[in-house]
Structure formats: C-alpha cells, structure tokens
Amino acid sequence: MWKKIVAAVAATIGIVSASTAPAQAQDLSSLIESPNVTRCSEEFLIAIPGGGNTVSFLPEKLPIGGKETEVAKGAYHGSRGRIQPVWISYKSTPFTLLSYNDSARDGYRVASNTIRRLAAMCPNATFSITGYSEGADIGAQLVNSIGHGRGPIPANRVNSAVFVSNPHLADNGGSFAGGASHVDQGALERLDGGYGELGPRVLDICRKDDPICAFPMEWRVHVEPFLRVAMFRGQIPVTEFLAIIAKRSPTTLPLIFSMANHVKYGGPDLAEGSRWIISRTAPIRQP
C-alpha cells in the first residue's frame, strides 16, 4: 500500500512543481522501498526548502524544492553518493494558512527533530545543512543554536552549511558568494552571536539585488507586520500596511519589482555551494 501511495505522490507532483524544479538526487526505487531514511550514511545533508516549496506530509527521501535541491544534487553526485540528502517537509505556507513566524517555527521543529533522530540512529554520522529563502532562515537558526551549544547535535558533528538567500544574512562569521558581503543584511534580524564556532564552515550565497538577503535599510523597521500575515485566517494588518505605503511610497514599487531577483540563483552560484559542502566533508572514519 505504501508503495502505491508514494508512487501516486510522485506522479502527482511529477517531481516537479510550478514554483520549483526538484532534481533526481536519489533513485526513486529507494523512496518506494522506504519513504524515510532507515540506513546510516557517512554524512547527511539536511535540505530545507523555501516557503511554498513543500508540505508537511512528504517523504524525506523525496527531492522537492528548488535551489537547495540543486545544491544537494551536486553534493550527492559530486561525493558519489557518500553525502546523503534528507529533505525537510514542513508547513511551508507563510502568509496564507500560517504566518511566516509560525511556518518558520514549524520548519525549525521538524528539522531539529530529524537531525536529532538521525544522530541517535547513526552515532558516527556527520551533518551538513542547506536551505533556500525560508529554508535558509530555518537552517541559519539551526546553525546558530548548534554553534552556541543549544542545538540537537554538538558542533563537532556539523561539517558545513550553505544558505541561498538567507533572510538572516549579516556579518555572522561565515563566508560569502553571489555578490553580497558582510556589509549587507537580510530582511530578518541578525542572529544573536552569529554562527558561533561554526562560522568558518558556513557559506552564504546572496545577490546584492535580492531584497530578501540584502534588504534596503530604510525598510527594515517595517518588516514585523508582514511576518504576522496569514490571509486565509484573516490576519492582515491593513492599517499598518497603509501607513507603511504612505511613508515609503516612492520606494514601494522598486522594492516589489526587485523581488524578482530572489529566484535568479542558479548555475555557478549553486555549484559553488555544492563544492563547499564536498570540500568540507569529514574523512572516512576507519573501523
């Protein structure tokens, strides 16, 4: 029965959706045999899709999502399968059924629990993390927690992290690619303490013209009301929005148009992310 269900899901989404282009990072026969990871790997790559790119009931072996899946695919094939991607499926419905804050909290919970489960199941395994947009937000918070001793695993079990369009982009102690640098800052607040001791293992990929990870300074004070929006639940702070538009009207349309740059990651940028993960893979442990 499970094989039929998985096959139906795979056929329904076609391993492709309108907003994302998931990659065949794994053989689908592995998915059909078991929907979730049941075997240990040398390294697990936790891949966290962005907002609107996944739903909570998908198997963790199913490659779904866009930019983070391209990074995961490159790492998987570049390591000849030694790096095992694991996709985090969560309630990624920000601004609609859930507020952004509630959606991100659910993603953090699922990702943290998944890492904790795999770490207990495979005590010799190490981990890397990648994510795009909301997935990068979740992943950056995980690295912040782990790097300061508050996460699901100790820092010495994390090899690397690659975040594409991280809303928490700042001088967090990591490296940069894509054009942005330590002087840029994402739409969300800075991470308290940055990436901690994991800083040298993190790569942030951000375009200078992407307002999610390189947010205009004058708009920074206006972010909070948007994080509370859940349209289908009637949570729309109209009065606050009108006040913001009235104050920032000359820059409102340019900001909206610049959002198109948020999806323009591909090719060399994502390949660099894959190489970053592969280059920091822990050496094979001898028995």
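Everything that follows concerns the structure shown earlier in this document.
Residues numbered from 1 in each chain as written. Predicted model: local features only at pLDDT ≥ 70, side-chain atom pairs only at ≥ 80, totals over all residues. Heavy atoms only, no water.

On the surface, a cluster of nonpolar side chains totalling about 620 Å² of accessible area is made up of Leu97, Met231, Phe232, Ile236, Val238 and Leu242. Along the chain, the position of Met231 falls in the loop between helix 6 (224-227) and helix 7 (238-258). The exposure class of Met231 is partly exposed, given its relative accessible area of 44%. (Patch = residues over 30% accessible without salt bridge, like charges linked within 9 Å, V, L, I, M, F, W, Y side chains within 5 Å. Areas by Shrake-Rupley, 256 points an atom, 1.4 Å probe, with all protein chains shown as cover. Salt bridge = Lys/Arg side-chain N within 4 Å of Asp/Glu carboxyl O. Helix = DSSP H or I, 4+ residues; strand = E, 2+ residues; numbered from the N terminus. Buried < 20%, exposed > 50% of the residue type's maximum accessible area, 1.4 Å probe, protein only.)

Our focus in this paragraph is the packing of helix 4 (residues 100-121) against helix 5 (residues 134-147). Following both chains from N to C, one finds helix 4 and helix 5 inclined at 55 degrees, their axes separated by 9 Å at the closest point. Taken as axis vectors, helix 4 and helix 5 run oblique relative to one another. Remark: the crossing between helix 4 and helix 5 carries right-handed chirality. Together, Tyr100, Ser103, Ala104, Gly107, Tyr108, Ala111, Ser112 and Ile115 of helix 4 and Glu134, Asp137, Ile138, Gln141, Leu142 and Ser145 of helix 5 make up the contact between the two elements. Class assignment for the residues of the contact of helix 4 with helix 5 results in 7 nonpolar, 5 polar and 2 charged. (Axes fitted to C-alpha atoms, helices over the stretch in contact; angles between N-to-C directions. Parallel < 35°, antiparallel > 145°, perpendicular 65-115°, else oblique. Left-handed = near helix turned anticlockwise from the far one by under 90°. Contact = heavy atoms within 4.5 Å. Nonpolar A, V, L, I, M, F, W, Y, C, P; charged D, E, K, R; others polar.)

Across all of its chains, the model carries 9 salt bridges by this definition. A salt bridge links Glu60 to Arg117; its shortest N-O distance comes to 2.7 Å. Residue Glu60 is found in the loop between strand 1 (43-48) and helix 3 (67-78), and its partner Arg117 is found in helix 4; the two are separated by 57 residues along the sequence. A residue is classified by how much of its surface remains accessible, and Glu60, at 8% relative accessible area, is buried. Judged by its relative accessible area of 33%, Arg117 is partly exposed. A salt bridge links Lys73 to Glu70; the shortest N-O distance between them is 3.2 Å. With Lys73 and Glu70 both in helix 3 and 3 residues apart, this pair spans about one turn of that helix.

For the rest of this paragraph, the subject is the nonpolar core. Phe44, Ile46, Ile48, Phe127, Ile129, Val143 and Phe163 are the most contacted members of the largest nonpolar core, which totals 43 residues. In this view, Ile46 contacts Val86, Ile88, Ile115, Leu118, Phe127, Ser128, Ile129 and Thr130; residues no more than four positions away in its chain are not counted. The next biggest cluster of nonpolar side chains, apart from the first, holds 22 residues, and it includes Ile205, Cys213, Ala214 and Trp276. (Core = buried A, V, L, I, M, F, W, Y, C linked by side-chain atoms within 4.5 Å.)

At a minimum axis distance of 8 Å, the contact between helix 3 and helix 8 (residues 268-279) shows a crossing angle of 45 degrees. As summarised for this structure, helix 3 and helix 8 are arranged oblique, according to the angle between their axes. Crossing angle aside, the handedness with which helix 3 passes helix 8 is right-handed. Taken together, the residues of helix 8 that come into contact with helix 3 (itself represented by Lys67, Glu70, Val71, Gly74, Ala75 and Gly78) are Leu270, Gly273, Ser274, Ile277 and Ile278. Grouping the amino acids of the contact of helix 3 with helix 8 by side-chain chemistry returns 5 nonpolar, 4 polar and 2 charged.

This part is about helix 3. Spanning 12 residues, helix 3 covers 17 Å between terminal C-alpha atoms, matching the ideal 16 Å at 1.5 Å per step. Among the residues of helix 3, those classed as buried are Lys67, Glu68, Thr69, Val71, Ala72, Ala75 and Tyr76. Those residues of helix 3 that are buried lie in contact with strand 1, strand 2 (83-87), strand 3 (126-132), strand 4 (158-164) and helix 8. Looking one or two residues beyond helix 3, the residue adopting positive phi is Arg80, at roughly 55 degrees. (Expected span 1.5 Å × (residues − 1).)

Take the packing of aromatic side chains next. Considering all chains together, one arrives at 3 aromatic pairs under this definition. An angle of 45 degrees between the planes, with centres 6.2 Å apart, marks the rings of Phe163 and Tyr195 as tilted. In this pair, Phe163 is assigned in strand 4 and Tyr195 in the loop between strand 5 (175-177) and strand 6 (202-205), connecting sequence segments 32 residues apart. Judged on exposure class, the residue Phe163 and its partner Tyr195 are both buried. Between Arg280 and the ring centre of Trp276, over which it is positioned, the NZ or CZ distance is 3.4 Å. (Phe/Tyr/Trp six-rings, centres within 6.5 Å; stacked < 30°, edge-to-face > 60°. Lys NZ or Arg CZ within 6 Å of the ring centre and 35° of its normal.)

Let us now look at the state of the cysteines. A covalent bond bridging the sulfur atoms of two cysteines is what the word disulfide describes. Within this structure, the stated rule accounts for 2 disulfides. One disulfide in the model links Cys40 with Cys122; its S-S distance is 2.1 Å. Its S-S torsion of approximately -95 degrees makes the covalent link between Cys40 and Cys122 left-handed. Of this pair, Cys40 sits in the loop between helix 2 (28-33) and strand 1 while Cys122 sits in the loop between helix 4 and strand 3; the two residues are 82 residues apart in sequence, bridging distant segments of the chain. Residue pairing for Cys206: its cysteine sulfur links by disulfide to Cys213, the two sulfurs lying 2.0 Å apart. Taking the torsion about the S-S bond as the criterion, the Cys206 to Cys213 disulfide, at about 90 degrees, is right-handed. (Disulfide = S-S within 2.5 Å.)

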